Amino acid sequence: MEVHLEHLTKRWGKVVAVDDLNLEIRSGEFVALLGPSGCGKTTTLLMIAGIYKPTSGYIRFDGRVVNKVPPKDRNVGMVFQSYALYPHMTVYENLTFPLKLKKVPEEEQRRKARRIAEMMGIGHLLDRYPAQLSGGQQQRVALGRALIKEPALLLFDEPLSNLDARLRLTMRAEIKRLQMELGITSIYVTHDQVEAMTLADRIAVMREGRLQAFATPEELYERPRTLFVAGFIGNPPMNFTQVEVIQQDGQYLAVNPDMRLAVDPDRGSRAAGRGRVIMGIRPEHITLARDGEPAHLEAEVYLVEPLGRDDLINARVGKETHLHFLADPALKLRIGDRVRLRVDTSRVQFFDPETEQSLLWS
Amino acid sequence: MAVIEAERVAVEARPWWRRAWENLRSASGALLFMSPATLLVVVFFFIPVVLIIGISMTNMSTATGFQNWKWVYLENYRRILKHPNTLQVLRNTLMYVALTLAFFNVGMALVIALITTHIPRRAGLLYRALWLLPRLTPSVVYVMMWKYMAADAPYGIINRHILQPLGLATTNLLPIYPWVFVILVNGFIGASFGMVIFTSAIESIPREYLMAALVDGCTPWQRIRHVILPLIRWPLLFVTTYQTLSLLTSFEQILLLTEGQFGTMVWSLWAYERALSNYWGNFQWGFGAALATVLVLIGIVMAVVYMRYFQFEALIQEPKIETL
Ligand SMILES: Nc1ncnc2c1ncn2[C@@H]1O[C@H](COP(=O)(O)OP(=O)(O)O)[C@@H](O)[C@H]1O
Ligand SMILES: [Mg+2]
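Throughout this description, residue numbers start from 1 for each chain and increase along the sequence as written. Lettering of chains starts at A and numbering of ligands starts at 1, both following the order in which they are written. Owing to the predicted nature of the model, reporting of local features is limited to residues with pLDDT of at least 70; listing and counting of side-chain atom pairs is limited to 80 or more, with chain, interface and lining totals taken over all residues. Only hydrogens and water are removed before side-chain values are computed, so all heavy atoms of the structure are retained for them.

**Student:** Before we move on, could you go through the overall build of chain A and cite the residues and values that matter?
**Tutor:** Numbered from the N terminus, helices here are DSSP runs of H or I no shorter than four residues, and strands are runs of E no shorter than two. Helix and strand content of chain A: 9 helices and 20 strands. Principal-axis analysis of the C-alpha atoms places the extent of chain A at approximately 80 × 45 × 35 Å. In this scheme, a residue with accessible area under 20% of its type's maximum is buried, one over 50% is exposed, and one in between is partly exposed, where area comes from a 1.4 Å probe on protein chains only. Counting the 362 residues in chain A, one finds 52% classified as buried. Contact definition: two residues touch when any of their heavy atoms are within 4.5 Å. Taking contacts inside chain A between residues at least 6 apart in sequence as the whole, the part at least 24 apart equals 66%. Note on areas: these come from Shrake-Rupley sampling with a 1.4 Å probe, and a residue is covered only by the protein chains present in the view. By element, 47% of the accessible surface of chain A is carried by carbon and sulfur atoms, the whole surface being about 16,900 Å².

**Student:** Now, about the interface of chain B and chain A: what can you tell me, with residues and values included?
**Tutor:** Taken residue by residue, the interface counts 19 residues in chain B and 27 residues in chain A. Reported buried area values correspond to the accessible surface (1.4 Å probe) lost by two parts on association, with both partners' losses combined. Between chain B and chain A the total buried area reaches about 1,900 Å² when both faces are included, carbon and sulfur atoms providing 66% of it. When residues of chain B are sorted by the area they lose upon contact with chain A, Glu208(B), Val215(B) and Asp216(B) head the list and together hold 36% of the total. We define a salt bridge as a contact between a side-chain nitrogen of Lys or Arg and a carboxyl oxygen of Asp or Glu at a distance within 4 Å. The interface formed by chain B and chain A includes 1 salt bridge. Asp216(B) is the partner of Arg145(A) in a salt bridge, and the nearest nitrogen-oxygen pair spans 3.5 Å. Contacts described as polar in this section are N or O atom pairs within 3.5 Å, which, within protein, must combine one atom able to donate a hydrogen with one able to accept it, while residues neighboring in sequence count only if both atoms come from side chains. Where chain B meets chain A, there are 7 residue pairs in polar contact (both at pLDDT 80 or more). Every element with two or more residues in the side of chain B that touches chain A is listed here: helix H11 (207–216) and helix H12 (220–231) of chain B. A class-by-class count of the residues in the side of chain B that touches chain A yields 10 nonpolar, 5 polar and 4 charged. Gly falls in the polar group here, along with every residue not listed as nonpolar (Ala, Val, Leu, Ile, Met, Phe, Trp, Tyr, Cys, Pro) or charged (Asp, Glu, Lys, Arg).

**Student:** If you had to explain the sheet that holds strand E7 (residues 153–157) of chain A to someone new, which residues and values would you point to?
**Tutor:** All names here are of chain A. Strand pairing is defined by DSSP finding a minimum of two bridges between the two strands. With mixed pairing, the 6 strands of this open sheet are ordered in space as E6-E7-E8-E3-E9-E10. The open sheet has two edge strands with one neighbour each: strand E6 (76–79) and strand E10 (210–215). When strand polarity is set aside, the average angle formed by the axes of neighbouring strands in this sheet is 15°. As paired elements, strand E3 (residues 30–34) and strand E9 (residues 202–207) share 4 bridges and run parallel to each other. Bridging across to E9, Ala-32 finds its partner in Ile-203. Against the sheet, helix H4 (residues 135–147) makes contact with E6 and E7, and its axis sits at roughly 170° relative to E6, the strand it touches most. Lines fitted to the C-alpha atoms define the axes, with helices restricted to the stretch that makes contact. Angles between their N-to-C directions range from 0 to 180 degrees.

**Student:** Requested: an account of helix H10 (residues 178–203) of chain B, with residues and values cited.
**Tutor:** To estimate the expected span of a helix, count its residues, drop one, and scale the result by 1.5 Å. In this model H10(B) runs 37 Å from its N-terminal to its C-terminal C-alpha over 26 residues, within 8% of the 38 Å that 1.5 Å per residue would give. Axes are fitted to the seven residues ending at a residue and to the seven starting at it; the angle between these axes is taken as the bend at that residue. The sharpest bend along H10(B) reaches about 35° and sits at Gly187(B).

Listed below in structure tokens is the structure:
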């Protein structure tokens, strides 16, 4: 099912939770709504589900305006952050509740419940009450309850945020697999950019009720249009430093009191002659120079945060420019060590400090 | 290893009284925390109940005074069984309690709570505030209002402003429909208690359950039936039990309204009349106490029946942490 949001707005008194949101979601697409807490993701989702009425704007399902259609007639399945399994019903009763309301014959209910339970791996739990289940099991039941009525649209509101880290990985993969198999149009709300990147076909980045960007994960990663998107997408987050880009001897140099970095002319030329701009470099585009290899920057290790597979190094360039990058723990970098760094300058980003818009992509 | 072994042997070798004492000591913390409440219950409930049961086995009355009374054991109870009014009063009481409960103290309370939690909050608050007014009005004034409502023209409000203009015959309505007025008078006071409890119970249901119900396909009515009511089962049990006991023992409104006339005598009013306001001047404390004791027994039986019916045990979840 296609979902179109047109100038969708929701106000609570003076608070504008969602502000003129425009989004076109294609049939079968998996879209993530990504943004920090309080940016209006849940409100958007609940408007699509029909729980909240939009203050203004339209929601269209396959072209039809559904603003006034009650939730039960929208053919939508939803998974809540707290799972919202009814505590007074067994797993079986929870699963079949949507069917019971539709007056589906008992025999068919049993058949469908069995199929869903098998698909979700909860067949042995049907007689239990939600309080007797682990978080992951509750999650599966909630997912099963959303799927059992074969909805045309699946809504997820941060469904993994109450799970422990390992379970989150498993469930993430499972949700992805299910969605690909079933091909149901899905909208997935999360504040975790890794989740959004791994799951979604396209990501809608929101901030303070407004849409910041709506693009594929690669696009958001490689060509962020705003400073906010650049900082929000990617883990560890992008490094930002104030520089001035000048042209010298046919080269473009990003200059501040701490460093002079020759950057890719394609990118540098767009930032040159604008005075102070913000340069963004992703940690993964900074590497240690091997012996004999020329370095772009010299720095001093300021902090080492072991992440397991990598060490996250906070290095100080000059007096007050800090750059984060990842290093092999085997190198055993220590605070105070001198390091020589190479930067993939063909992938640096530039932003206008006033408008926070990208100087490269607009 | 050897030390642990020795300790184990020591445990087994301890005499029973030692073990009992140690069990008591390990429970002493809990007992200590319970003691203030226990003290209150003992002083204000158990001691009076024991006294009442004691008095119910005597012939104590104004005639005997506090000096010359005698033990009569179950004589008062035998008199209750044989009394010509007993069956009628019992029937009255059960009808009064059941109807007031069903239509107002639980029924209306639930309806108000459900309505006011489904409309805009402010309107709900206002509407509920209205229902608190009868509770806030002093009973004498409140019952007086009802008496004026029922009275014959030209004073009675219903007669004067509704029946008379319609050309219908006017009369004092109280003796004609005594139970209607008894139940209305009590119900309008009693509904507010359940209303407050049910409203807060409904409002404390996690919002995601209510949203999930709508997404799952509930109409508002189905959501009430399948989700909201089951989730407020415990407050429902509580209000039903509490209000049953409270109605069983309350007689003040009936006393003010009809004084038990027109066939509206209920058990608690009977006990009060016998023990404390007999117009022959002979207060039959012994007989009144026996009536009161029977009422306590009826209350206990009802409470047990309710707990069975609502499956009280199933409502109490095993705590996850047993001891610290
Ligand atoms: N029912 C409500 N009444 C008033 N304000 C609300 C309500 N729901 C959400 N808001 C406000 O709207 C904004 C967006 O909330 P929400 O959609 O829950 O954010 P998110 O899900 O992105 O964390 C917040 O400022 C929140 O306080
Ligand atoms: Mg949210």
